[in-house]
Amino acid sequence: MTQPKKKRFTTRQLTTMSILAAVASILFLVEITIVSFYKLDFSNIPVLLGTFSMGPLAGVMILAVKSALGILHTSSGGVGELADFLLGLAMILPAGLIYRRDKSRKGALIGMLVGGVAATIAGVLANIYILFPVFGLSPETVVAIGQGINPAIHTQWDFVLLITAPFNVLKWGAISALGWFLYKPLSPLLHGSRQVG
């Protein structure tokens, strides 16, 4: 007699994931211009909270729904949403996997630190190999934009190292900090109980 297959997610967890994806999609619409064409948004905070409370797979699913819904109002033909998805993956997979092995504040902190570094590296590579070419930004154009911000920029790599990388450090640092402070008070809601996980 075969055992009934255990569901990967409970109905409550699926409901929580849906709510987090909806909140993330709304936050995706609210952007703060930091420098040049780089805009800060906090849509990955619900993704991070879902990852810590329900695991990396849940985080990936929340992120995928957020990015898919973002395509409905895209101004980049879906390219920006693809980049956001890839950078989000680079953040939440290391963070979620590390936290799953060590469910402590230390584990969460190390996970977010590793994830932030991975997402920053992914942001640099995504700009060089995906965003600049797709948006038709030649190396000369990128340098011209960069020199308007920092005269020390003479190549595309200067641009991504002196502008893209610091922006991503700021972005993922802010998301990690807010996620750090929000997770504990929201933990009962995320877990559907009074138990902090």
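Remember, predicted model here, so these are calculated numbers, not experimental data.

Rules used in this analysis
- Residues numbered from 1 in each chain as written.
- Predicted model: local features only at pLDDT ≥ 70, side-chain atom pairs only at ≥ 80, totals over all residues.
- Heavy atoms only, no water.
- Helix = DSSP H or I, 4+ residues; strand = E, 2+ residues; numbered from the N terminus.
- Rg over C-alpha atoms; globule rule 2.2 N^0.38 Å.
- Buried < 20%, exposed > 50% of the residue type's maximum accessible area, 1.4 Å probe, protein only.
- Contact = heavy atoms within 4.5 Å.
- Areas by Shrake-Rupley, 256 points an atom, 1.4 Å probe, with all protein chains shown as cover.
- Lys, Arg positive; Asp, Glu negative; His and termini not counted.
- Charge placed at Lys NZ, Arg CZ, Asp CG, Glu CD.
- Axes fitted to C-alpha atoms, helices over the stretch in contact; angles between N-to-C directions.
- Parallel < 35°, antiparallel > 145°, perpendicular 65-115°, else oblique.
- Left-handed = near helix turned anticlockwise from the far one by under 90°.
- Nonpolar A, V, L, I, M, F, W, Y, C, P; charged D, E, K, R; others polar.
- Salt bridge = Lys/Arg side-chain N within 4 Å of Asp/Glu carboxyl O.
- Patch = residues over 30% accessible without salt bridge, like charges linked within 9 Å, V, L, I, M, F, W, Y side chains within 5 Å.
- Phe/Tyr/Trp six-rings, centres within 6.5 Å; stacked < 30°, edge-to-face > 60°.
- Lys NZ or Arg CZ within 6 Å of the ring centre and 35° of its normal.

(A) The overall build of the protein, seen in detail. Counting secondary structure elements, the protein contains seven helices and two strands. In terms of C-alpha radius of gyration, the protein reaches 18 Å, essentially the compact-globule figure of 16 Å for 197 residues. With the principal axes as the frame, the protein shows a C-alpha extent of 65 × 35 × 35 Å. Relative to its 197 residues, the protein shows a buried fraction of 44%. Sequence separation of 24 or more characterises 64% of the internal contacts of the protein that already satisfy a separation of 6 or more. Carbon and sulfur atoms form 69% of the exposed surface of the protein, whose accessible area is close to 10600 Å². Side chains of the protein give 15 positive and 7 negative charges; the mean places of these two sets differ by 23 Å.

(B) Layout of the packing of helix α2 (residues 44-54) against helix α4 (residues 79-101). Where α2 meets α4, the closest approach of the two axes is 9 Å, and the angle between their N-to-C directions is 30°. For the element pair α2 / α4, the angle class is roughly parallel. Note on packing geometry: the crossing formed by α2 with α4 is right-handed. Residue-level inspection shows N44, V47, L48, T51 and F52 of α2 in contact with α4, the latter providing D84, G88, M91, I92, A95, G96 and Y99. Taken together, the residues of the contact of α2 with α4 sort by class into seven nonpolar, four polar and one charged.

(C) Layout of the pattern of salt bridges. Within this structure, the stated rule accounts for two salt bridges. For the salt bridge of E31 with K39, the shortest nitrogen-to-oxygen distance reads 4.0 Å. Under the relative-accessibility criterion, E31 is labelled partly exposed at 44%. On the basis of relative accessible area, K39 is assigned to the partly exposed category, the value being 39%. A salt bridge links K66 to D84, with the shortest nitrogen-to-oxygen separation between them at 2.6 Å. Residue K66 is located in helix α3 (residues 56-70), and its partner D84 is located in helix α4; the two are separated by 18 residues in the primary sequence. According to the relative accessible area criterion, K66 is buried, its value standing at 0%. With relative accessibility at 7%, the residue D84 sits in the buried group.

(D) How the structure looks around a nonpolar patch on the surface. A cluster of nonpolar residues, L113, V117, I121, L125, Y129, W157, L161 and L162, forms a patch on the protein surface that exposes about 820 Å² of accessible area. Secondary-structure elements contributing two or more residues to the nonpolar patch are α5 (105-134) and α7 (156-191). No other element matches α5, which puts five residues into the nonpolar patch. Assignment of secondary structure puts L113 in helix α5.

(E) Expanded view of the packing of aromatic side chains. Going through the model one piece at a time under the given rule, you end up with six aromatic pairs. When the ring of Y99 is compared with that of Y183, the centres are 6.1 Å apart and the planes differ by 85°; the resulting orientation is edge-to-face. Taken together, the positions of Y99 in helix α4 and Y183 in helix α7 put the pair 84 residues apart, joining distant regions of the chain. Comparing Y99 with Y183, the two get one shared label, buried. The ring of F28 carries the charged tip of K66 above its face, separated from the ring centre by 4.6 Å.

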